[in-house]
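Architecture at a glance
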Amino acid sequence: MALWGGRFTQAADTRFKQFNDSLRFDYRLAEQDIVGSIAWSKALHSVNVLTEEEQQKLELALNELKLEVMEDPEQILQSDAEDIHSWVEQQLIGKVGDLGKKLHTGRSRNDQVATDLKLWCRQQGNQLLIALDKLQTKMVSVAEQHQGTVLPGYTHLQRAQPVTFAHWCLAYVEMLERDYSRLSDAIKRLDTCPLGSGALAGTAYPMDREQLAHSLGFRRATRNSLDSVSDRDHVMELMSIASLSMLHLSRLAEDMIFYNSGESNFIELADTVTSGSSLMPQKKNPDALELIRGKCGRVYGSLAGMMMTVKALPLAYNKDMQEDKEGLFDALDTWNDCMEMAGLCFEGIKVNGERTLEAAKQGYANSTELADYLVAKGIPFREAHHIVGVAVVAAIAKGCALEELSIEELKQFSDVIEHDVYEILTIDSCLEKRSALGGVSPQQVAHAVEQAQQRLEQRDTSGVKVRAARLTDIDTLEGMVAYWAGLGENLPRSRSELIRDIGSFAVAEHLGEVTGCASLYVYDSGLAEIRSLGVEAGWQGQGQGTAVVQHLVERARQMAIKKVFVLTRTPEFFMKHHFIPTSKMLLPEKVLKDCEQCPRQHACDEVALELNLNEQIIATVNVA
């Protein structure tokens with residue numbers, strides 16, 4: 001059933017429905033729609049539209065739905081729902097009945113889709129940062145291996161001055177660094193939450209939109225409801241960054257295609273990224289690079305299409321804006337695929353150092369060195385430039401390199417030339433002299449490689465960050481703790497308890513979303529317990545719990561705590577982190593008293609494990 005049918009007395013034409021429906025592509029926003037719906041349920045509870053019991057029932061059902069979607073996203077496409085919002089609502093009603101119909105209170109599909117899309121853009125943006133980082137890392141690695149490989153540098157596609165293959169790699173690393181910077185900035189700009197803006201004029205319920213924004217991991221709420229539902233700047237900005245980065249990848253591809261050609265023979269690509277000819281058995285075609293070059297126009301087209309769609313739209317939501325997703329999804333998917341393929345092209349690449357060196361020696365690439373030599377002898381550069389030009393003409397006529405001219409022949413062009421000229425006409429000298437920052441001297445290239453490696457090492461690309469919990473995380477913490485308590489995996493904790501103990505909690509964040517939590521409770525005896533460990537539904541097995549536990553263990557170590565213990569029904573997880581089984585009878589009396597809150601206290605199946613931090617320190621010292 002459509003979400004808007006009451007006003008209409010006739011059913012929509014099936015042709016219009018096919019034309020109008022967006023589920024076939026916006027199904028990719030399912031997880032974001034569910035996450036946003038959970039946050040909205042909490043906001044409705046805060047203004048007494050939902051009771052605590054209703055909210056928790058909705059949250060549990062939505063988390064179950066999220067797990068189902070993550071296991072099989074394609075199932076959504078079997079529905080005839082109009083869009084992803086309709087599908088989620090239908091599934092929710094199927095799970096909780098009429099209670100599911102209350103969730104859309106005070107919310108419009110206008111602010112809902114704007115929020116979903118921003119959540120997706122933030123998540124995808126962070127994934128693209130990781131892809132950029134991987135490609136840069138690969139190219140820096142190749143540069144490190146080829147610092148001594150001489151390569152002819154070109155201007156106007158004519159040999160100009162010698163460089164190195166490492167220097168060439170690092171040029172593209174710099175381009176990708178600017179792409180990384182632009183993307184990072186764009187993610188910061190889109191980090192605002194439109195939810196609660198309604199259709200265009202805001203919601204009629206007095207909820208705290210800042211708190212709602214923080215519960216979704218956004219930095220703040222948007223400031224204007226009309227702009228909130230109209231804004232697609234982030235879509236165009238991401239597509240613009242993708243277009244510029246694809247330009248860089250296209251230039252990289254063009255260079256490598258040229259270097260791979262039979263005429264150059266500078267590099268040979270691995271068989272894994274090339275194909276053959278259906279007619280000519282000798283051919284080995286650089287198809288991966290040609291496709292990267294070709295897909296550049298595809299991404300440009302998506303950006304141009306989106307800008308033309310938005311350029312004359314009046315404010316608030318218009319159905320034209322449904323056209324924002326297909327182009328965005330395709331552009332960012334294409335960019336990501338091309339970065340992955342560019343990195344793959346560097347796997348198994350063979351650089352023909354002998355051929356690149358031979359080519360660098362040709363084309364009179366040391367002409368500028370001869371001009372600089374004459375300048376050092378007191379000749380003005382303009383005059384030196386002319387002298388060298390005449391010398392090059394003579395060398396071409398003789399069919400030899402400048403350094404192959406005899407001293408007598410060279411003196412015909414200028415009597416200041418002496419035997420020491422041959423020292424500066426070598427390739428090594430040409431490279432060595434370019435010793436200013438950013439130049440091609442071996443020292444500068446080594447410095448550039450080192451600096452690039454340090455920049456990359458300082459980035460956290462794991463996607464999982466752990467930090468101390470904040471009061472703005474309370475809603476998320478309460479939801480996670482209630483979810484796992486409802487399944488009997490943790491003890492229930494009231495909101496007031498969570499607020500009181502907020503300082504003991506740590507949370508895991510994945511791409512801006514709080515995905516896990518746990519607390520470190522310290523006893524008078526100097527022992528500490530890891531409590532309330534929970535991971536958001538759908539994030540199990542992805543490192544969230546591990547990151548939180550490691551963080552709390554390190555916090556305990558810094559506090560000089562000697563022993564950390566845990567009561568758990570999943571001892572295997574903790575044993576992977578060096579916890580060992582122990583007796584519950586050895587635990588503090590207060591622990592056993594807390595067990596009185598547990599619904600399973602008379603049939604307890606929890607296992608006690610401990611980690612002796614003193615023993616870990618001693619073992620580390622002995623190994624060292």
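Residues numbered from 1 in each chain as written. Predicted model: local features only at pLDDT ≥ 70, side-chain atom pairs only at ≥ 80, totals over all residues. Heavy atoms only, no water.

In the nomenclature of an unreviewed UniProt entry, the protein is known as Argininosuccinate lyase of Vibrio ezurae NBRC 102218. Under the Subcellular location (unreviewed entry) heading, UniProt states for the protein: "Cytoplasm". (UniProt positions renumbered as here; feature names shortened; annotations may be inferred.)

Details of the overall build of the protein
Scanning the protein from terminus to terminus reveals 25 helices and 13 strands. For the C-alpha atoms alone, the extent of the protein along its principal axes is close to 105 × 75 × 50 Å. The proportion of buried residues among the 624 residues of the protein is 50%. Contacts in the protein between residues at least 24 apart in sequence constitute 74% of all its contacts with a sequence separation of at least 6. Surface summary for the protein: the accessible area is close to 30,100 Å², and the carbon and sulfur share equals 53%. Treating the 64 positive side-chain charges of the protein as one cloud and the 88 negative ones as another, the clouds have centres 3 Å apart. (Helix = DSSP H or I, 4+ residues; strand = E, 2+ residues; numbered from the N terminus. Buried < 20%, exposed > 50% of the residue type's maximum accessible area, 1.4 Å probe, protein only. Contact = heavy atoms within 4.5 Å. Areas by Shrake-Rupley, 256 points an atom, 1.4 Å probe, with all protein chains shown as cover. Lys, Arg positive; Asp, Glu negative; His and termini not counted. Charge placed at Lys NZ, Arg CZ, Asp CG, Glu CD.)

What to know about helix α11 (residues 287-310)
Between the first and last C-alpha of α11 there are 35 Å, a value that for 24 residues agrees with the 34 Å anticipated at 1.5 Å per step. Every buried residue of α11 is listed here: A288, L289, I292, C296, V299, S302, L303 and M306. (Expected span 1.5 Å × (residues − 1).)

Describing the pattern of salt bridges
Opposite charge on two side chains permits pairing when their charged atoms draw close. On inspection of all chains with the given rule, the structure shows 40 salt bridges. With a shortest N-O distance of 2.8 Å, D271 and K284 are connected by a salt bridge. Here D271, found in the loop between β5 (267-268) and α11, pairs with K284, found in the loop between β5 and α11; they are 13 residues apart in sequence, far enough to count as distant. R495 is the salt-bridge partner of D475, the closest N and O atoms lying 2.9 Å from each other. Taken as a pair, D475 in helix α20 (residues 474-486) and R495 in helix α21 (residues 495-500) lie far apart in primary sequence, 20 residues in all. Given a relative accessible area of 12%, D475 falls into the buried group. (Salt bridge = Lys/Arg side-chain N within 4 Å of Asp/Glu carboxyl O.)

Section: the packing of helix α3 (residues 30-46) against helix α5 (residues 84-96)
Axis separation between α3 and α5 bottoms out at 10 Å; the angle between their running directions is 60 degrees. By the angle class used here, α3 and α5 are oblique. Seen along the crossing, α3 lies across α5 with a hand that is right-handed. Contact residues: α3 offers A30, D33 and I34, while α5 offers I84, H85 and V88. A class-by-class count of the residues in the contact of α3 with α5 yields four nonpolar, one polar and one charged. (Axes fitted to C-alpha atoms, helices over the stretch in contact; angles between N-to-C directions. Parallel < 35°, antiparallel > 145°, perpendicular 65-115°, else oblique. Left-handed = near helix turned anticlockwise from the far one by under 90°. Nonpolar A, V, L, I, M, F, W, Y, C, P; charged D, E, K, R; others polar.)

Topic: the domain arrangement of the protein
Domain annotation for the protein reports domain 1 (14-107), domain 2 (110-202 + 219-353), domain 3 (363-425) and domain 4 (465-612). If you average the C-alpha positions of domain 2 and of domain 3, the two centres end up 45 Å apart. (Domains from an automatic or database assignment.)

Quick word on a nonpolar patch on the surface
A surface patch of nonpolar side chains, about 210 Å² in accessible area, is lined by L244, L247 and Y300. Mapped onto the elements of the fold, L244 is located in helix α10 (residues 233-260). (Patch = residues over 30% accessible without salt bridge, like charges linked within 9 Å, V, L, I, M, F, W, Y side chains within 5 Å.)

Quick look at the sheet that holds strand β10 (residues 527-535)
Spatial strand order, β7-β8-β9-β10-β11-β13-β12: seven strands in an open sheet with mixed pairing. Edge positions in the open sheet fall to β7 (464-468) and β12 (580-581), since each of these has one partner strand only. In this fold α20 packs onto β8 (505-510), β9 (513-522) and β10, with an angle of close to 80 degrees to the strand it touches most, β9. (Pairing = 2+ DSSP bridges.)

So, the packing of aromatic side chains
A complete count under the given rule lists 13 aromatic pairs for this structure. When the ring of F165 is compared with that of W168, the centres are 5.1 Å apart and the planes differ by 35 degrees; the resulting orientation is tilted. In this pair, F165 and W168 both sit in helix α7 (residues 165-189), three residues apart, roughly one turn of the helix. You'll find F165 and W168 in the same group, each marked buried. Taken together through their ring pairs, the aromatic side chains of Y154, F165, W168, Y172, F258, Y259, F266 and F346 make up a single cluster. One residue, R459, lies across the ring of Y180, its end atom 3.6 Å from the ring centre. Above the plane of the ring of Y521 lies R531, whose end atom (NZ or CZ) is 4.0 Å from the centre. (Phe/Tyr/Trp six-rings, centres within 6.5 Å; stacked < 30°, edge-to-face > 60°. Lys NZ or Arg CZ within 6 Å of the ring centre and 35° of its normal.)

Remarks on the nonpolar core
If you look at the biggest cluster of nonpolar residues, it comprises 111 residues, and the most contacted ones within it are W168, L249, M256 and W335. No fewer than three residues from each of domain 1 (14-107) and domain 2 (110-202 + 219-353) sit in this core. Setting aside residues up to four positions removed in sequence, L249 forms contacts with L135, L176, I292, W335, C338, M339 and A342. (Core = buried A, V, L, I, M, F, W, Y, C linked by side-chain atoms within 4.5 Å.)

As for the packing of helix α14 (residues 367-376) against helix α15 (residues 381-398)
In contact at an axis separation of 9 Å, α14 and α15 are set at 135 degrees when each is read in the N-to-C sense. Between α14 and α15, the interaxial angle falls into the category oblique. Considering only the axes of α14 and α15, their crossing is right-handed. Contacts from S367, L370, A371, D372, L374 and V375 of α14 reach α15 at F381, A384, I387, V388 and V392. For the contact of α14 with α15, a count of residues per class yields nine nonpolar, one polar and one charged.

Topic: the pairing of strand β1 (residues 150-155)
Strand direction decides the pairing type here: β1 and strand β2 (residues 158-164), joined by five bridges, are antiparallel. In the strand pairing of β2, P152 is matched with P162. Turn length for the β1-β2 hairpin, with the two strands adjacent in sequence and antiparallel, is two residues, and the turn residue H156 shows positive phi of about 55 degrees.

A few points about unusual backbone geometry
Negative phi values dominate among residues other than glycine, just as trans dominates among peptide bonds. Positive phi, close to 75 degrees, is recorded for A316, a residue that is not glycine. Its place among the elements puts A316 in the loop between α11 and α12 (324-345). Phi is positive for A560, which is not a glycine, with a value near 65 degrees. With respect to the helices, strands and loops of the structure, A560 is situated in the loop between α22 (544-558) and β11 (563-568).

Some remarks on the side chain of S230
Residue position: S230 is located in helix α9 (residues 225-230). From its side chain, S230 meets the backbone oxygen of L226 in a polar contact 2.8 Å long. (Polar contact = N/O pair within 3.5 Å; in protein donor to acceptor, adjacent residues only side chain to side chain.)

Section: the pairing of β9
Judged by how many residues are buried, β9 sits mostly within the fold: eight of 10 residues are covered. Where β8 lies against β9, six bridges are found, and the strand directions are antiparallel. By the bridge assignment, E509 is partnered in β9 with V514. Examined bridge by bridge, β9 and β10 share six bridges and lie antiparallel to one another. Along β10, the bridge assignment pairs L520 with I530. Between β9 and β10, which pair antiparallel and follow one another directly, the connecting turn spans four residues, one of which, G526, has a positive phi of 90 degrees.

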